[in-house]
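Now for the letters of each chain:
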Amino acid sequence: MTEQTPILRLEGIVKTFPGVRALDGVSFDVRPGEVHALMGENGAGKSTLMKVLGGIHAPNEGQIFIAEEPTIMTSPIQAKAKGVVFIHQELSLAGELSVAENIFLGELPRKSFGRVDWAKLYTDTDKILKTLNVSFNARTRVGDLSIANQQMVEIGRALTVDPRAVIFDEPTASLTDAEKVVLFDVIADLQARGVGIIYISHRMEEIFKITDRISVLRDGQYRGTLNTAETNEDAVTQLMIGRSLDLSRNESSHDMGDVALEVRGLSCGSLFNDVSFAVRKGEVLGFYGLVGAGRTEIAETIFGLRTPSAGQILLNGQEVRITSPIDAIRLGISLVPEDRKDQGLVLGMNCRDNMTLPQIGDLTTGPFVSNGAEVAIFDQYRDKLDIRTPGWRQTVGNLSGGNQQKIVIGKWLSMRPEVLIVDEPTRGIDVGSKSEIHNLIRELAAQGYAVIVISSEMPEVLHVSDRIVAMFSGAVMRTFTAEEVTEDNLVQAISGITPQKVA
Amino acid sequence: MSTQNRKDIIKQGGIWAFIAVELAFFSIAGNYLSVSEKAFMDFDNMLLLLKQSAPIGIIALGMTIIMINGNIDLSVGAIFALSAIMLLDSMTWPFMQALGDWAIPLAWGFALLTGVVLGAINGLIVWKTGVDAFIVTLGSMLGFRGLVFMYNGEQPTSHLNWTLVDFAEAQFLGLHTATWFLLGTALILWILMTRTVHGRNAHAIGNNRDAAVNAGIRVGPHFMWNFMLIGFLAALSAVVFYSESGSVNPNDGMLYELWAITAVVLGGTKLAGGYGSIISTLGGVIAIQLLRKGLGHIGADTQTVNLVIGLILIAVLFLDRQLNRKGQEELKI
């Protein structure tokens, strides 16, 4: 293999899902011995691309070449046989089994009558572990290993074949700095063996430390490839966010009232520490940060789903004690959760029943739920939020993501809350409905609700927020006003690059 | 009407269609194979069938709510036996005997209270420990049965009160006392599940527990109420049955939990929770009893009956799965 023959090449990959063009003509290549970063915001299409590469999704158009040979991927197993292996962000290990069994899971060496060839299994595993330079042995129970070491096991799995290309998906998300060094050594070692590496990460620092080239995706489109040595963080950010944000900044101004919710020095174990902020009536306060920065956990703590280890929560200037969602709801705090389907909706129930769920106790005549009162509430909020459904009998699971989200929002609005917390308001929602939800959030603020929006999408946060709290690793790095914030300083704040500035 | 509603009707109507098929089959097959002269669909025979459905039926109706919650209660058979002992034994206590027939309502009260207390124990453990209801009630099934044996060893507990027997054997508007209890329970629980806040919450919790918690529903106490309810119903079932028979064997009620679950599942209630219907469970109970009686009618023995019911249960669940398959996206196993 010469340096010039790409080990892996994608050409014009298109993948559409009903209503969404998830990948729109993506082309790039990986050379032997190269670390190639793949970057893009959440939802830019990175994971879809990896699923296409792993044969989980078949592309609608385009072609994959391995060593310039056109290849059709049908399954991760087949991809592995072709030398393309994945190291997933979420570990998929069997904790009760040994390291050796995990590494060779599904392909244990055998003797006659289907017996496992334990001797061979352990020698083969030891060989792999040696190249990884780890401290544990083949017989260790995986459940006893640290997360970093489990990740090494996951990498070990990739090495049971002679890999040509290894794809790392956010490998450092749960590693400490010392553990990262070990991982980077392994990557350098693979590189030296001529393996091509795709490295997916949000962390600029790492990207500039270990990669050779950077390819950027945005909204499913390939935005270009940069040589790492010849570029800088700003240029990459520019490419990722692209257009000077046609999602225009929030400019609508209306009068704001008093502080509705204030949080002082709130901490919860190792999840977040000493968080303080205040949100006024009529204000949208955005929370921006990487996955795992502690934003959702703050919302859950305010809503009574977690017990804070320190700090105060004040509602309209009065300190309140919230020990369960029941307390929060009674006080007028509502949470539209991050995962609509798992936490927000009862998918098997109809639209009306979902919308009235927190308050049916108040909609009774005698011992019975009043059908009329329920339908009245549903109709009112269907019209108000423009929820498109054939009728209240429709099962919520059959609605589109945007309409489902409106049902959740309607559910809380009908309780007339004071504070509305919306976690990832547009996750998994198509572009058209996104702007509807954004407008709705602005409108709600104009009506005097205090709104907190948590989002991993920068354009969204910039678009809807009056002020933005930037978080990194469980701490508030800085609170920006709409005038101060730029994409650059926001990205820097959430990457932990800049030391804390004046809040 | 949306496709969803149509689907619901097919699902809930399925069990009644199955009952119709059974009736037709046993009537026709009975003409050729039956050892008795009587037609299968004889009116008295059908009335008797309803009466015989009552003991397991009343329990199965309660089990429906537990299963809609996403839980299960394996201890109902043991609660049934322990409540029966309480019913019969309490009537032999000296102060009770002094009361004459006024002892009867009091004995009923004792029995029902026993059921509620045992159910509350289950519910409290599930609520406070967070251990899966399957495990908790598996333990209490063994434990409660142990109490049954501690009470009187291997000996049956007997007491026959003729006033009670007359009541139990009475017929009102043609239906037996036990049948009235079965139908009354079904009506009340149907209203509970379709018209009240408690019923709505039961569905929500079974369908998505996290979303229910987020909506401010107190899941633990809700579970506890339902376990108390099924304890009460297991005791009610015992009261209805032993008022007539007057003698409890320590092994009575064994496997009742499994027959109740079979009826509930046959009625279309999801094992995972979130979906189910009281009326369909009533159908499931009747369908099982029809099978037993019908197979007996055409000369099959008990072992064959069990084999056939087992096969039908699996066939029904397979059919249900086929009807509810969500396209090709499902994971292969």
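Residues numbered from 1 in each chain as written. Chains lettered and ligands numbered in written order. Predicted model: local features only at pLDDT ≥ 70, side-chain atom pairs only at ≥ 80, totals over all residues. Heavy atoms only, no water.

*Asks:* When you look at the overall build of chain B in this model, what are you seeing that I'm missing?
*Replies:* When helices and strands are counted, chain B shows 14 helices and 4 strands. Counting across all 333 residues of chain B, residues that qualify as buried make up 50%. When contacts within chain B are restricted to residue pairs at least 6 apart in sequence, long-range pairs at least 24 apart make up 79% of them. When the accessible surface of chain B is totalled, it reaches about 15,900 Å², and 67% of it is carbon and sulfur. Positive and negative side-chain charges of chain B, numbering 18 and 20 respectively, have mean locations separated by a distance of 15 Å. (Helix = DSSP H or I, 4+ residues; strand = E, 2+ residues; numbered from the N terminus. Buried < 20%, exposed > 50% of the residue type's maximum accessible area, 1.4 Å probe, protein only. Contact = heavy atoms within 4.5 Å. Areas by Shrake-Rupley, 256 points an atom, 1.4 Å probe, with all protein chains shown as cover. Lys, Arg positive; Asp, Glu negative; His and termini not counted. Charge placed at Lys NZ, Arg CZ, Asp CG, Glu CD.)

*Asks:* Just to check I follow, could you spell out the overall build of chain A for this structure?
*Replies:* Secondary structure assignment for chain A yields 17 helices and 22 strands. By the compact-globule yardstick of 23 Å for 503 residues, chain A fits well, its C-alpha radius of gyration being 25 Å. Its C-alpha atoms give chain A principal-axis dimensions of roughly 75 × 55 × 45 Å. Burial status across chain A gives 54% buried among its 503 residues. Sequence-distant contacts in chain A: of pairs separated by 6 or more residues, those separated by 24 or more amount to 66%. Put simply, chain A shows about 21,500 Å² of open surface, and 48% of that area lies on carbon and sulfur atoms. Placing the 50 positive and 65 negative side-chain charges of chain A at their respective mean positions leaves the two points 4 Å apart. (Rg over C-alpha atoms; globule rule 2.2 N^0.38 Å.)

*Asks:* What is the right way to read the nonpolar core from this model?
*Replies:* Nonpolar side chains in soluble globular proteins tend to end up buried together. Ranked by internal contacts, the top residues of the largest apolar core, which has 97 residues, are M63, L87 and Y242 of chain B. It is helix 2 (residues 43-68) of chain B that provides the largest number of residues to this core, a total of 14 residues. Every residue in contact with Y242 of chain B, bar those within four places of it in the chain, is listed here: F80, A84, L87, L88, S247, V248 and D252 of chain B. Core analysis: the next-biggest nonpolar cluster, separate from the first, contains 63 residues, A328, I377, Y381 and W392 of chain A among them. (Core = buried A, V, L, I, M, F, W, Y, C linked by side-chain atoms within 4.5 Å.)

*Asks:* Where do I start with the side chain of N350 of chain A in this structure?
*Replies:* All names here are of chain A. By the secondary structure assignment, N350 is in the loop between helix 11 (340-344) and helix 12 (351-356). Looking at N350, its side chain comes within polar contact range of the main-chain nitrogen of R352, at 3.1 Å. In this structure the side chain of N350 is engaged in a polar contact, spanning 2.8 Å, whose partner is the backbone nitrogen of D353. Discounting chain neighbours no more than four positions away, the residues touching N350 are W392, R393, Q394, T395 and V396. (Polar contact = N/O pair within 3.5 Å; in protein donor to acceptor, adjacent residues only side chain to side chain.)

*Asks:* Could you clarify how one ought to interpret empty space enclosed by the protein in this entry?
*Replies:* Residue and element names in this part refer to chain A. Tallied over the full model, the rule gives 7 cavities of 30 Å³ or more. There is about 230 Å³ of room inside the largest cavity. Taken together, 17 residues line the largest cavity, and the ones lying closest to its centre are H202, M240, Y288, L290 and I494. Listed by contribution, the elements that provide at least two residues to the lining of the largest cavity are helix 8 (233-241), strand 13 (284-289) and helix 17 (487-495). Tallied by class, the residues present in the lining of the largest cavity amount to 10 nonpolar, 6 polar and 1 charged. Of the residues that make up the lining of the largest cavity, three or more belong to each of domain 1 (8-241) and domain 2 (243-332 + 417-503). (1 Å grid on protein atoms, 1.4 Å probe; cavity = no way out; pocket = protein on both sides within 12 Å on 5 of 7 lines; lining within 4 Å. Points joined across faces, edges and corners; volume = space filled by probe spheres on them. Nonpolar A, V, L, I, M, F, W, Y, C, P; charged D, E, K, R; others polar. Domains from an automatic or database assignment.)

*Asks:* How should unusual backbone geometry be read in this particular structure?
*Replies:* In most cases, non-glycine residues show a negative phi, while peptide bonds are predominantly trans. Positive phi is not limited to glycine here, since D386 of chain A has a value of about 55°. Within the element layout of this structure, D386 of chain A appears in the loop between helix 13 (371-385) and helix 14 (401-413). Residues other than glycine seldom take positive phi values, yet L255 of chain B does so here, at roughly 70°.

*Asks:* Looking at this model, I keep getting lost on the sheet that holds strand 12 (residues 272-280) of chain A. Mind explaining?
*Replies:* Residue and element names in this part refer to chain A. Taken together, 4 strands build an open sheet; the order of strands is 12-11-14-15 and the sheet is antiparallel. Strands at the two margins of the open sheet, each flanked by one partner only, are strand 12 and strand 15 (318-320). For this sheet the average axis-to-axis angle between neighbouring strands, irrespective of direction, equals 25°. Most of the contacts of helix 9 (residues 295-302) go to strand 12, to which it runs at about 70°, and overall it touches strand 11 (259-268), strand 12 and strand 14 (310-315). (Pairing = 2+ DSSP bridges. Axes fitted to C-alpha atoms, helices over the stretch in contact; angles between N-to-C directions.)

*Asks:* Mind showing me how you'd approach the packing of aromatic side chains here?
*Replies:* Geometrically, a pair of aromatic rings is defined through the distance of the ring centres and the angle of the planes. The final tally for this structure, using the stated rule, is 13 aromatic pairs over all chains. Between F277 of chain A and F287 of chain A, the ring centres sit 4.9 Å apart and the planes meet at 75°, which makes this aromatic pair edge-to-face. With F277 of chain A in strand 12 and F287 of chain A in strand 13, the pair connects residues that are 10 residues apart, well separated along the chain. You'll find F277 of chain A and F287 of chain A in the same group, each marked buried. Through a chain of ring-to-ring contacts, the aromatic side chains of F80, F241, Y242 and Y256 of chain B assemble into a single cluster. Across from the ring centre of F65 of chain A, 4.3 Å away, lies the NZ or CZ of R9 of chain A, which sits over that ring. The ring of W259 of chain B carries R292 of chain B above its face, with NZ or CZ at 4.4 Å from the centroid. (Phe/Tyr/Trp six-rings, centres within 6.5 Å; stacked < 30°, edge-to-face > 60°. Lys NZ or Arg CZ within 6 Å of the ring centre and 35° of its normal.)

*Asks:* For this particular structure, what's the right way to read the interface of chain A and chain B?
*Replies:* Quite often, the size of an interface is put as the accessible area lost when its parts meet. Opposite the 32 residues of chain A that make contact, chain B presents 21 residues. Buried surface at the junction of chain A and chain B, both sides included, amounts to about 2,000 Å², of which 59% is carbon and sulfur. Sorting the residues of chain A by area buried against chain B places I326, L357 and F368 of chain A first, and these three jointly supply 24% of that buried surface. Between E374 of chain A and R200 of chain B there is a salt bridge, and its shortest N-O distance comes to 2.6 Å. The interface formed by chain A and chain B includes 8 residue pairs in polar contact (both at pLDDT 80 or more). Going through the elements one at a time, helix 10 (325-331), helix 11, helix 12 and strand 18 (368-369) of chain A are the ones with two or more residues in the side of chain A that touches chain B. A total of 4 residues in the side of chain A that touches chain B trace back to one element, the largest contributor, which is helix 11 of chain A. (Buried area = accessible area lost by both parts, 1.4 Å probe. Salt bridge = Lys/Arg side-chain N within 4 Å of Asp/Glu carboxyl O.)

*Asks:* Explanation requested: the pattern of salt bridges in the structure shown.
*Replies:* Pairing between side chains of opposite charge can happen when the charged atoms of each approach one another. Residues and elements named next belong to chain A. In total, this model carries 28 salt bridges over all chains according to the counting rule given. Between R306 and E300 there is a salt bridge, with its nearest N and O atoms 2.7 Å apart. Residue R306 is classed as partly exposed on the basis of its relative accessible area of 29%. Overall, the relative accessible area of 14% leaves E300 in the buried class.

*Asks:* Looking at this structure, I do not really get the confidence of the model for chain B. What am I missing?
*Replies:* Detailed conclusions should not be drawn from predicted coordinates in areas where pLDDT is low. Residues and elements named next belong to chain B. Here chain B averages 88 in pLDDT, and 93% of its residues register 70 or above. Ranking the elements of chain B by mean pLDDT puts helix 1 (residues 3-33) last with 77 and helix 5 (residues 103-129) first with 96. This stretch, residues 326-331, has a pLDDT under 50; its non-local contacts, to residues over four places away or in other chains, come to 2 contacts. (pLDDT = per-residue confidence, 0-100.)

*Asks:* Is there a simple way to explain the domain arrangement of chain A in this structure?
*Replies:* Residues and elements named next belong to chain A. Looking at chain A, the domain boundaries give domain 1 (8-241), domain 2 (243-332 + 417-503) and domain 3 (348-416). Inter-centroid distance (C-alpha atoms) of domain 1 to domain 2 is 33 Å. Facing the 9 residues of domain 1 at the interface are 13 residues of domain 2. Between domain 1 and domain 2 the total buried area reaches about 1,100 Å² when both faces are included, carbon and sulfur atoms providing 50% of it. At the boundary of domain 1 and domain 2, one finds 0 salt bridges. The interface formed by domain 1 and domain 2 includes 0 residue pairs in polar contact (both at pLDDT 80 or more). Among the elements that make up the side of domain 1 that touches domain 2, the one with the highest residue count is helix 8 (4 residues). A class-by-class count of the residues in the side of domain 1 that touches domain 2 yields 1 nonpolar, 3 polar and 5 charged.

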